[in-house]
Structures are given as C-alpha cells and as structure tokens.
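Summary of structural features
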Amino acid sequence: MNGDASALPDGADGVRCIKPGVRALDAYSLDPDVASRKLDQNESPFDLPDHLKADLAAQFVSEAWNRYPAFVPRSLSARLADRHRWTPDGVLVGNGSNELIQAAFQTLVSPGDIVVTPSPTFSLYALLIGVAGGRHRPVPLEREWKYDEGAFLVAAKTAKVVVLCSPNNPTGSVCSHRLVEQIVAETDAFVIVDEAYQEFGGASMVPLLRLSSRLIVLRTFSKALGLAGLRCGYALAHPEVTAEVAKAKLPYNVNRFTLAAAGIALANLATMTSRVTEIVERRDRTATVLAEIPGVHVFPSQANFLLLRFETVSAQHVFQRLLQDFDILVRDVSGAPELTNCLRITIGTEDDMRATCQAIRTVVT
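Residues numbered from 1 in each chain as written. Predicted model: local features only at pLDDT ≥ 70, side-chain atom pairs only at ≥ 80, totals over all residues. Heavy atoms only, no water.

Moving on, we come to the packing of helix α7 (residues 149–156) against helix α8 (residues 177–186). Their axes nearest at 10 Å, the elements α7 and α8 cross at an angle of 25°. Classified by the interaxial angle, the pair formed by α7 and α8 is roughly parallel. Pair α7 / α8 crosses with right-handed handedness. On the side of α7, the interface is formed by Glu149, Phe152, Leu153 and Ala156, while α8 contributes Arg178, Leu179, Gln182, Ile183 and Glu186. When its residues are assigned to classes, the contact of α7 with α8 shows five nonpolar, one polar and three charged. (Axes fitted to C-alpha atoms, helices over the stretch in contact; angles between N-to-C directions. Helix = DSSP H or I, 4+ residues; strand = E, 2+ residues; numbered from the N terminus. Parallel < 35°, antiparallel > 145°, perpendicular 65-115°, else oblique. Left-handed = near helix turned anticlockwise from the far one by under 90°. Contact = heavy atoms within 4.5 Å. Nonpolar A, V, L, I, M, F, W, Y, C, P; charged D, E, K, R; others polar.)

A separate point is the environment of glycine 112. As for its placement among the helices and strands, glycine 112 is situated in the loop between α5 (97–108) and β3 (114–119). When its relative accessible area of 31% is taken as the criterion, glycine 112 is described as partly exposed. Sequence-wise, glycine 112 and leucine 100 are 12 residues apart; in three dimensions their C-alpha atoms are separated by 21 Å. What glycine 112 contacts, discounting residues up to four positions off in sequence, is Gly133, Gly134 and Arg135. (Buried < 20%, exposed > 50% of the residue type's maximum accessible area, 1.4 Å probe, protein only.)

So, about the sheet that holds strand β13 (residues 342–346). Sheet architecture is open: four strands sit in the order β9-β10-β13-β12, paired in antiparallel fashion. Each edge of the open sheet carries a strand with a single partner, namely β9 (296–298) and β12 (331–332). Against the sheet, helix α11 (residues 269–291) makes contact with β9 and β10 (305–310), and its axis sits at roughly 10° relative to β10, the strand it touches most. Those strands touched by helix α12 (residues 315–326) are β10, β12 and β13, and its axis lies near 35° from that of β13. (Pairing = 2+ DSSP bridges.)

It is worth spelling out the packing of aromatic side chains at this point. Per the counting criterion, the structure on display carries 10 aromatic pairs. Through a chain of ring-to-ring contacts, the aromatic side chains of Tyr28, Phe122 and Tyr125 assemble into a single cluster. Its end group placed over the ring of phenylalanine 305, arginine 344 keeps NZ or CZ at 5.7 Å from the ring centre. (Phe/Tyr/Trp six-rings, centres within 6.5 Å; stacked < 30°, edge-to-face > 60°. Lys NZ or Arg CZ within 6 Å of the ring centre and 35° of its normal.)

This part takes up α11. Here α11 contains 23 residues, and its C-alpha end-to-end distance of 33 Å stays within 8% of the 33 Å for a straight helix at 1.5 Å per residue. For α11, the full list of buried residues reads Met272, Arg275, Val276, Ile279, Val280, Arg282, Arg283, Thr286, Ala287 and Leu290. On its buried face, α11 sits against α10 (256–267), β9, β10 and α13 (350–364). (Expected span 1.5 Å × (residues − 1).)

To continue, consider the sheet that holds β3. Note: strands within a sheet are paired through backbone hydrogen bonds, in either parallel or antiparallel orientation. One open sheet holds the seven strands; their spatial order is β2-β8-β7-β6-β5-β3-β4, and the pairing between them is mixed. Unpaired on one side and paired on the other, β2 (91–94) and β4 (135–140) mark the two borders of the sheet. Averaged over all pairs of adjacent strands, the angle between their axes in this sheet comes to 20°, without regard to strand direction. Relative to strand β8 (residues 233–237), strand β7 (residues 215–220) runs antiparallel, the two being bridged by five bridges. Looking at β8, one finds that valine 217 is bridged to leucine 236.

Turning our eyes to something else, we now look at the environment of valine 154. With respect to the secondary-structure elements, valine 154 resides in helix α7. Through-space distance from the C-alpha of valine 154 to that of valine 333 is 28 Å; in sequence the pair is 179 residues apart.

This part takes up the nonpolar core. Phe105, Leu164 and Phe221 are the most contacted members of the largest nonpolar core, which has 83 residues in total. A total of seven residues in this core trace back to one element, the largest contributor, which is α10. Setting aside residues no more than four positions away along its own chain, leucine 164 makes contact with Tyr147, Phe152, Cys175, Leu179, Val180, Ile183, Val191, Ile192, Val193 and Asp194. If you look at the next biggest cluster of nonpolar residues, it comprises 35 residues, including Leu290, Val296, Leu308 and Val318. (Core = buried A, V, L, I, M, F, W, Y, C linked by side-chain atoms within 4.5 Å.)

This paragraph deals with the side chain of lysine 249. Structurally, lysine 249 can be placed in the loop between α9 (239–245) and α10. Buried and unpaired, lysine 249 has glutamate 99 as its nearest opposite-charge partner, separated by 6.4 Å. Not counting the four nearest positions on each side in its chain, lysine 249 is found in contact with Phe71, Leu92, Val93, Glu99 and Ala103. (Lys, Arg positive; Asp, Glu negative; His and termini not counted. Salt bridge = Lys/Arg side-chain N within 4 Å of Asp/Glu carboxyl O.)

What follows is the structure, encoded as structure tokens:
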C-alpha cells in the first residue's frame, strides 16, 4: 500500500468503535503559525545557559543509551522532595505535568463523575475529563477573573474532583489557601491544584498537603525553569495517592536526557529563579504600557503572560496584523465564550515586549 489516501479502507468502520463520548470531543490543537517573535505558548524567553548545556551533554554522553532510564527516578524525586520539604515517596515524575493530569483523571474519575474546573481555564482539562468519562462542570470566574470561592465550594459538594489552576491559564488569576482548605474540610471532593505558573506569583498549595490526603499539587519544569522542550513535570501528594496514580502512567515515561536536564536545573536554581524575577518585572512593566493604549484592557496577572481584551477592534484583526505585519505570534483565545475579543501574550525578551507594545499601539490606534 502506498501513501495514496484513496487506497485506504473506509475509516468510518474503525471510528464507529471509538467511544461516542470521545468522538464528541474537540481535540486539543495549536495553529501551525510561525513567527520570529513567538509569544503564544507561555515559554520562557531564557534557554538553559550554554555552560549548563555543555555539562548536560558531557553527562549524557557517559550514559548507556541502550539501557532504559530509571523505572523510578529516585534521585530526582529526592531533590524535588527536598525543594518542597516533602517526602520522596510522595513525588511522581512525569513526561510533562500534562501526563500526570491525565493519570490523575484516569485513577480518580469514573464514568459520570462530576469534575469541577474554573471557567475559563486550560482547555486540556475538559478534553481529558471527557476521555475519562467524567462530566465537566465549569464554575465561572468573577470580575477580573477572581475565583468565586462560594460558588466553588457549592459545586465541590457534588463533585468527585475539583481542579484549580493557580495562576490560572489564560487569566493569570490565583486562588487562595482558604478555598482549598474549605473544599477538603467541608466536602468529599479530591482537589488537584495545577501550579504550572506558580513561580511567577501566588501562594503555593504544597504546605496544605499535610492537612489532607485528598490533594495533588502539580508542578513543571517547562515554564519558570525553561525546559519546555524536554517535557518534565511532577506531582506532589500523599505517598499512598502517588502510588495509585503511578498505575496510570506508562513505565519509563521520562527519558534519561530529560532526567539529567531536570537535575542540572535543580542544581542551579539560583540562576533560574533570578530569571523569574526578571520576567515578573517585565510583565508588570509591559502591563503598564499596554494599559495606556486606548481601547486595550489588561487583566491583572500573576503568571508569565498577560490577557488583553480589545474594546475598539476585534481580537482576530489584531492577531492577524501582529502576525502578518510585525512577525509577532500571540495566542488568540477569543473563541471561548468568556474570552470574546481577548488575546494572550507570553512575556518574552525586553525587545520582544517593546516591539509588541508598539505594534499593538499601531494596530489599535
């Protein structure tokens, strides 16, 4: 058989065997646009320093490539546990934190179970909830995207799982310790807190792990630590919970190179966290500049991105002009009902943000 699609059998015969609930879902996707200024995926503008890359390459050359990586990466788990003052048996390392979100849903959510999330939030949650057979119940965020704690507490009373993204993607808003404490104290729901952007702002929920075993906190190396291309994330939870969630992940899920890179990043946290400070300062300066442009509303953010709403022109028009006329790629999130006329902009280099602010001013005014 060659690559001619006309020679393939009827695909509908195979597709009819797929679960109807999965067929009804929209796949998570990203437009294939490219630009010299890439501000669409909340990546760090800082790569791993060259001297650390050299150290990593030298270390990796000495590894045995014909052997599987560690079945349980105990060394990395121990370092992560030390960083968060937690127990190594309560650390689960994944191929990005998204893998662990999926594994958590697979182990927690049975068909028909209600899973609560903020709205708007990371669209992957709804997809993975649907694949697991759960019922997604979004709880709208309030004005300026604040968490409505009363509404979340009410929704949690009938939920199997509550997902809280803090800082939330794409709004940049954070939830409080009080909300998590109330949910675990007053309901039977299991709480998953996605802290992919926590280094940029907001209080971590890691200290609350000692209050209840119905809590998972997810972290990643992709954002603040700048290793998005290597895919490494981890979950912190009670050891008995991580043992169960581990059943849903694939064996040898994190490769040797990624494990080595994560170790080097942790050994150089001072360098990495100084970059976080720079990104936060640049975010706040950029927000101030953009807020001065007539017709642009900038929402408060504690992440490494800003959410903008355009009041005089359409977000799609701004997106296309930025891409075609200025070679700047941002994220068009305006398709979500709550995000009409909104774009999300990752905080890049100083030059990136200067050019983006000027381009938006030109397009809008």
